[in-house]
Amino acid sequence: MKKILTIATKEFQGYFYNPIGYVFLGIMMMLACWVFWGDVFVAGNADIKPLLQTIGYLYSIFVPAITMGWIADEKRNGTWEVLTTNPVNIRMILWGKMLAGMGFLLVSLLLSLPSLLSILYLGKMDLGVVFSGYLGLFLLGSTYLAIGLWISSLTKHPAVAFIGTTIFLVLNSLMSQEIILSKIPYFMVRVFEQLSLGDKMSTFYNGELGLNAVVYLVSVVVLFTWLAQKANEKTI
Amino acid sequence: MLQVKNISKKFGNKTVLNDVCFEIKSKSVTGLLGPNGAGKTTLMRILTGYFGAESGSVMWDKELVNLKSLAHKKKIGYLPENNPLYGYMKVREYLEYTAKVKDSADFEAESYRVAVECGLIDVFENKIETLSKGYKQRVGLGAALIGNPLLLILDEPTTGLDPKQIIEIRQLIKKLAKEKMVILSTHILPEAAAICSRLLIISQGKIVLDETTSKIKNLEKKFIQLTS
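Residues numbered from 1 in each chain as written. Chains lettered and ligands numbered in written order. Predicted model: local features only at pLDDT ≥ 70, side-chain atom pairs only at ≥ 80, totals over all residues.

Participant: Summarise the overall build of chain B; cite the residues concerned and give the values.
Facilitator: Along chain B, the regular secondary structure elements total eight helices and 10 strands. Taking 228 residues into account, the globule formula puts the C-alpha radius of gyration at 17 Å, and chain B, at 17 Å, falls close to it. The dimensions of chain B, computed from C-alpha atoms along their principal axes, are 50 × 40 × 35 Å. Here chain B holds 228 residues, and the buried ones make up 43% of them. Long-range contacts, defined as pairs at least 24 residues apart, comprise 66% of the intrachain contacts of chain B with a sequence gap of at least 6. (Helix = DSSP H or I, 4+ residues; strand = E, 2+ residues; numbered from the N terminus. Rg over C-alpha atoms; globule rule 2.2 N^0.38 Å. Buried ≥ 20, exposed ≤ 12 C-beta atoms within 10 Å, placed from the backbone. Contact = placed C-beta atoms within 7 Å.)

Now the structure itself:
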C-alpha cells in the first residue's frame, strides 16, 4: 500500500506540472458555473441535475485526456522500463495511477462546490441529491479512468489511447440514449441498458444510493484495472 | 556470485539469445560487447526482469532466483539505454521518489547520499529537463544506485556524451565497481578496454568470448574476427 501511495502522490503532483491538468480544471469549473448559474438565473431553477449531467458528459472527453499518457507515454519515453525494473509490481503501478486519477477527479468536483454552497446559503437544496449525485459522478469518472487505463495499456501512442478511450466512452453513452434504444430489438435493449455506464447514473441523480449501481460501477473499475494489469504483464 | 545459465530468448521465430552462460564472482566491471542487434540489451533486460526468457536460469550465490520477484529487483540497479527520466521533476524529487519505491528506510538521507556519490549536489534542486546530458546521465546512475544494489546494469551509459562527460562517467563507474558488480554494455571498443576488467563478446545471441581484458592482445582484431 505504501508503494501505491508513493506512485499515486508522484502521479497526482505530475498533473500540476502539466498544462492539461490546469486546462481540465479550468474548463470544468467554467462550464459547471455557466450551466449551474444559467439555470438559476435564467430558468429560476436551482436544480443540480443539469450540472451533474454536464460534468458527466465532460468526463467522457477530459478523462481520456488524463489517462492517455498513463501507460502509453511511459512506454514511449522508456520510463516504463525504469519503473517496472524497480521493486514494484504492475498492480501497484496501476492502482497508484488510478488513485492519483481519482484524487484529480475529486479536485474537479470540489471546484464546483462553491456554486452549490452559494445556493445552500441563499435557499434550499436537497442535500441527499447533492451527495448521491456527487458520489455517482465520482464513481462514473473512476470507471472512465479504469477504461482509459486499460486502453492506454494497449498502445505506445497517447493519441491512439485518447481517441480509443473517447470512442469507447461515447459509444457507451449512446447505449442509453432513447434514439438508439428505439431502433434495436427488445432483447438488445436490455443488454444495452445493462452495459451502459450512464444508465446507472439516473438513480444517483435522483438522490438514491442504489447499492446495485454502486457495486456495478466499482466492479467495472476493478475489472478494467485487472484487464490493464493483464495487458501490461503480457507485454513484458 | 551471479550465475547466468543457458538463457535463451526468441522474438517470434528469431532467436535473439542462444544458451547464454556466464558468471560474475566479485566486485568488478564486466563489459558486454557486441555489434548492434547482437542481443546485449535483451540480455540486460532479462537480467533486470523486464523481459522473460524462453529458457535458462539466474542464480545468486547458488540460489535460483525468480527474475520477476521484488527480492531480485532490489538487488539490481538499472540504467537503460537513452536514460529515460521524468524531466518535470527536480533531481531531489526524483531520487527521493526512487528511494521510496525501492523501500529505503530514510528516503531523504538515501537520495542525498547518492547525490553526493554521483556529484549531483550542485543541481539537487534543479529540474531534470534543464540539466545537461552529462548531469542527466548522473541522475539516471544515481537512481540506479538507490538502495545500494549488489549488481549495477548499465546499458551504453556513455552514449551521446561529450568527451569530458564520458571521462567523468567512466571514472564514476570505476569508483562504483570497487563496491559492487557492474555489467556494462557498449559497442565502443576503447571504452570497454578502458573500464572493464573482463569482457564478454556477444554475437548473434551467443557469447563468443569470455576473457579478462588484460589477456586480450588485440581487442579490435579479435572483435572483428569473432563478430563477422
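Structure's up, so let's keep going.
Participant: Can you explain the overall build of chain A? Please cite residues and give values.
Facilitator: Across its full length, chain A carries 13 helices and zero strands. Going from N to C terminus, chain A has its helices and strands arranged as α-α-α-α-α-α-α-α-α-α-α-α-α. For a compact globule of 236 residues, the expected C-alpha radius of gyration is about 18 Å, and chain A comes in at 19 Å, within 12% of that figure. With respect to the three principal axes, the spread of C-alpha positions in chain A is 55 × 45 × 30 Å. Sorting the 236 residues of chain A into buried and exposed places 37% on the buried side. For chain A, the share of sequence-separated contacts (at least 6 apart) that also reach a separation of at least 24 residues comes to 79%.

Participant: Any details on the sheet that holds strand S5 (residues 63-64) of chain B? Residues and values, ideally.
Facilitator: Across the sheet, four strands lie side by side as S2-S1-S4-S5 (chain B); this open sheet has antiparallel pairing. The open sheet has two edge strands with one neighbour each: strand S2 (14-24) and S5 of chain B. (Pairing = 2+ DSSP bridges.)

Participant: Mind laying out the environment of B:Leu120, listing which residues take part and the relevant values?
Facilitator: Residue and element names in this part refer to chain B. Along the chain, the position of Leu120 falls in the loop between helix H4 (107-117) and helix H5 (133-145). For Leu120, a count of 22 C-beta atoms within 10 Å gives the class buried. Sequence separation of Leu120 and Gly142 is 22 residues, and the distance between their C-alpha atoms is 8.5 Å. When sequence neighbours within four positions are dropped, the list of residues in contact with Leu120 reads Val91, Ala115, Arg138, Val139 and Gly142.

Participant: Lay out the nonpolar core in plain terms, naming residues and giving numbers.
Facilitator: In terms of nonpolar packing, the biggest core is built from 109 residues, with A:Leu149, B:Tyr94 and B:Val182 touching the most fellow members. Of all the elements, helix H8 (residues 127-152) of chain A adds the most residues to this core, at 11 residues. Setting aside residues up to four positions removed in sequence, B:Val182 forms contacts with B:Val29, B:Thr30, B:Leu152, B:Leu154, B:Ile173, B:Leu176 and B:Ala177. (Core = buried A, V, L, I, M, F, W, Y, C linked by C-beta atoms within 7 Å.)

Participant: Could you give an account of the packing of H5(B) against helix H6 (residues 163-176) of chain B, with specific residues and numbers?
Facilitator: All names here are of chain B. Between H5 and H6, the least distance of the axes is 10 Å, while the angle of their chain directions is 20 degrees. By the angle between their axes, H5 is roughly parallel relative to H6. Two packed elements cross with a definite hand, and for H5 against H6 that hand is right-handed. Contact residues: Lys133, Gly134, Gln137 and Leu141 in H5; Gln165, Glu168, Ile169 and Leu172 in H6. Classifying every residue of the contact of H5 with H6 by side-chain character gives three nonpolar, three polar and two charged. (Axes fitted to C-alpha atoms, helices over the stretch in contact; angles between N-to-C directions. Parallel < 35°, antiparallel > 145°, perpendicular 65-115°, else oblique. Left-handed = near helix turned anticlockwise from the far one by under 90°. Nonpolar A, V, L, I, M, F, W, Y, C, P; charged D, E, K, R; others polar.)

Participant: Which residues make up the sheet that holds strand S10 (residues 206-212) of chain B, and what values go with them?
Facilitator: Residues and elements named next belong to chain B. Read across the open sheet, the six strands follow the order S6-S7-S8-S3-S9-S10; overall the sheet is mixed. Bordering the open sheet on either side are strand S6 (76-79) and S10, each of which pairs with just one other strand. For this sheet the average axis-to-axis angle between neighbouring strands, irrespective of direction, equals 15 degrees. Of the pairings in the sheet, the one linking strand S3 (residues 29-33) to strand S8 (residues 181-186) comprises five bridges and is parallel in character. Within S8, the position partnered with Leu32 by the bridge is Ser185. Taken strand by strand, helix H1 (residues 40-48) contacts S3, S6, strand S7 (151-155), S8 and strand S9 (198-203), and its axis lies near 150 degrees from that of S7. Strands in contact with H6 are S3, S7 and S8; relative to S8, the strand with the most contacts, it is inclined by about 150 degrees.

Participant: Give me the interface of chain A and chain B: which residues, what numbers.
Facilitator: Across the contact, 17 residues belong to chain A and 19 residues belong to chain B. In terms of residue class, the side of chain A that touches chain B is made up of five nonpolar, nine polar and three charged.

Participant: Any chance you could break down the packing of helix H1 (residues 2-15) of chain A against helix H6 (residues 90-110) of chain A for me, citing the residues and the numbers?
Facilitator: Residue and element names in this part refer to chain A. Across the interface, H1 lies against H6 with an axial gap of 7 Å and an inter-helix angle of 45 degrees. Compared by their axis directions, H1 and H6 come out oblique. With respect to the hand of their crossing, H1 and H6 are arranged in right-handed fashion. Contacts from Lys3, Ile4, Ile7, Ala8, Glu11, Phe12 and Tyr15 in H1 reach Met92, Ile93, Trp95, Gly96, Lys97, Leu99, Ala100, Gly103 and Phe104 in H6. Residue composition of the contact of H1 with H6, grouped by class: 11 nonpolar, two polar and three charged.

Participant: Please set out the environment of B:Lys62 residue by residue, giving values where relevant.
Facilitator: Mapped onto the elements of the fold, B:Lys62 is located in the loop between strand S4 (55-60) and S5. Between the C-alpha atom of B:Lys62 and that of B:Ile201, which follows or precedes it by 139 residues, the distance is 24 Å.

Participant: I'd like to hear about unusual backbone geometry, residue by residue, with values.
Facilitator: Residue and element names in this part refer to chain B. For Asn83, which is not glycine, the phi torsion reads 45 degrees and is therefore positive. Mapped onto the secondary structure, Asn83 falls in the loop between S6 and helix H3 (91-101). When the 23 C-beta atoms within 10 Å are taken as the criterion, Asn83 is described as buried. One non-glycine residue, Gln204, adopts positive backbone phi at about 45 degrees. A count of 15 C-beta atoms within 10 Å places Gln204 in the partly exposed class.

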